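Here is what each chain is made of, one letter per residue.
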Amino acid sequence: QVQVVESGGGLVQAGGSLRLSCAVSGSFFSINTMGWYRQAPGKQRELVAIISSGGTTNYADSVKGRFTISRDNGKNTVYLQMNSLKPEDTAVYYCNAVLRPFTWSGVSSYWGQGTQVTVSS
């Protein structure tokens, strides 16, 4: 019923920029928090940035000042603008949406399949 689809990954040189997009579709009452996570080979998945339904944001220390998360509530879409990219940013980036369904009281978490970001030195 709910789909989370990322786009915008690719190969970029160090110092370059990429913009990731994530669109959520399907049947649900509302979306609470949306966020971006990443996982590099041999490492655990880590939080990159999150944004609430009201627009408040939080970032990992490693990306503060370089990445910007935003959302369009009308389109159920979240973005991640990545500037001044470094080789250590290389990872699979995953979109997450925490939403309220119609059929029960609580929240459900959904993940996209991920998009590869590779930063060359």
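Residues numbered from 1 in each chain as written. Predicted model: local features only at pLDDT ≥ 70, side-chain atom pairs only at ≥ 80, totals over all residues. Heavy atoms only, no water.

Asker: Hey, could you run me through the overall build of the protein in this one?
Answerer: The helix and strand inventory of the protein stands at zero helices and eleven strands. In sequence order, the protein lays out its α and β elements as β-β-β-β-β-β-β-β-β-β-β. On C-alpha atoms alone, the protein measures out to a radius of gyration of 14 Å, which is about the 14 Å that the 2.2 N^0.38 rule sets for 121 residues. Viewed in the frame of its principal axes, the protein has a C-alpha envelope of about 50 × 25 × 20 Å. Buried positions account for 40% of the 121 residues belonging to the protein. Looking at the protein alone, contacts between residues at least 24 apart form 55% of all its contacts between residues at least 6 apart. Accessible area of the protein: about 6500 Å², with a carbon and sulfur share of 47%. For the protein, the centre of its 10 positive side-chain charges and the centre of its 6 negative side-chain charges are spaced 4 Å apart. (Helix = DSSP H or I, 4+ residues; strand = E, 2+ residues; numbered from the N terminus. Rg over C-alpha atoms; globule rule 2.2 N^0.38 Å. Buried < 20%, exposed > 50% of the residue type's maximum accessible area, 1.4 Å probe, protein only. Contact = heavy atoms within 4.5 Å. Areas by Shrake-Rupley, 256 points an atom, 1.4 Å probe, with all protein chains shown as cover. Lys, Arg positive; Asp, Glu negative; His and termini not counted. Charge placed at Lys NZ, Arg CZ, Asp CG, Glu CD.)

Asker: So what exactly am I meant to see when it comes to the sheet that holds strand 7 (residues 67–72) here?
Answerer: The four strands are arranged 1-3-8-7 in an open sheet whose pairing can be described as antiparallel. Looking along the sheet, the strands with just one partner apiece sit at the ends: strand 1 (3–7) and strand 7. Averaged over all pairs of adjacent strands, the angle between strand axes in this sheet comes to 15 degrees, irrespective of strand direction. (Pairing = 2+ DSSP bridges. Axes fitted to C-alpha atoms, helices over the stretch in contact; angles between N-to-C directions.)

Asker: Looking at this structure, I do not really get the nonpolar core. What am I missing?
Answerer: Side chains that are nonpolar tend, in soluble globular proteins, to be buried together. Membership of the largest hydrophobic core comes to 30 residues, with the highest contact counts inside it found for Val24, Trp36, Leu80, Met82 and Tyr93. Among the elements that take part in this core, strand 9 (residues 91–100) stands out by supplying five residues, more than any other. Not counting residues up to four positions away in its chain, the partners in contact with Leu80 are Leu18, Arg19, Leu20, Trp36, Val48, Ala49, Phe67, Thr68, Ile69 and Tyr93. (Core = buried A, V, L, I, M, F, W, Y, C linked by side-chain atoms within 4.5 Å.)

Asker: Any chance you could explain the pattern of salt bridges here in plain terms?
Answerer: Two side chains of opposite charge can pair, provided their charged atoms sit close to one another. One pass over the full model with this rule turns up four salt bridges. Asp61 serves as the salt-bridge partner of Lys64, at 3.2 Å between the closest nitrogen and oxygen. The structure contains a network of salt bridges with shared partners spanning Arg38, Glu46, Arg66 and Asp89. (Salt bridge = Lys/Arg side-chain N within 4 Å of Asp/Glu carboxyl O.)

Asker: How should the packing of aromatic side chains be read in this particular structure?
Answerer: Evaluated as defined, the whole model comprises two aromatic pairs. Measuring from centroid to centroid gives 6.1 Å for Phe29 and Phe102, while their planes differ by 80 degrees, and the two rings are edge-to-face. Pair noted here: Phe29 is in the loop between strand 3 (18–25) and strand 4 (30–39) and Phe102 is in the loop between strand 9 and strand 10 (108–111), with a separation of 73 residues, a long-range link. Residue class for Phe29 comes out exposed when judged on its relative accessible area of 59%. On the basis of relative accessibility, which here comes to 57%, the residue Phe102 falls in the exposed class. (Phe/Tyr/Trp six-rings, centres within 6.5 Å; stacked < 30°, edge-to-face > 60°.)

Asker: Even after reading the chapter, I still don't get unusual backbone geometry, so can you show me in this structure?
Answerer: Working note: non-glycine residues mostly have negative phi, and peptide bonds are mostly trans. Even without a glycine there, the phi angle at Asn76 is positive, about 50 degrees. Judged by relative accessible area, Asn76 falls into the partly exposed class, the value being 25%. Positive phi, close to 50 degrees, is recorded for Ser84, a residue that is not glycine. If you trace the backbone, Ser84 turns up in the loop between strand 8 (77–82) and strand 9. You can call Ser84 partly exposed: its relative accessible area is 41%.

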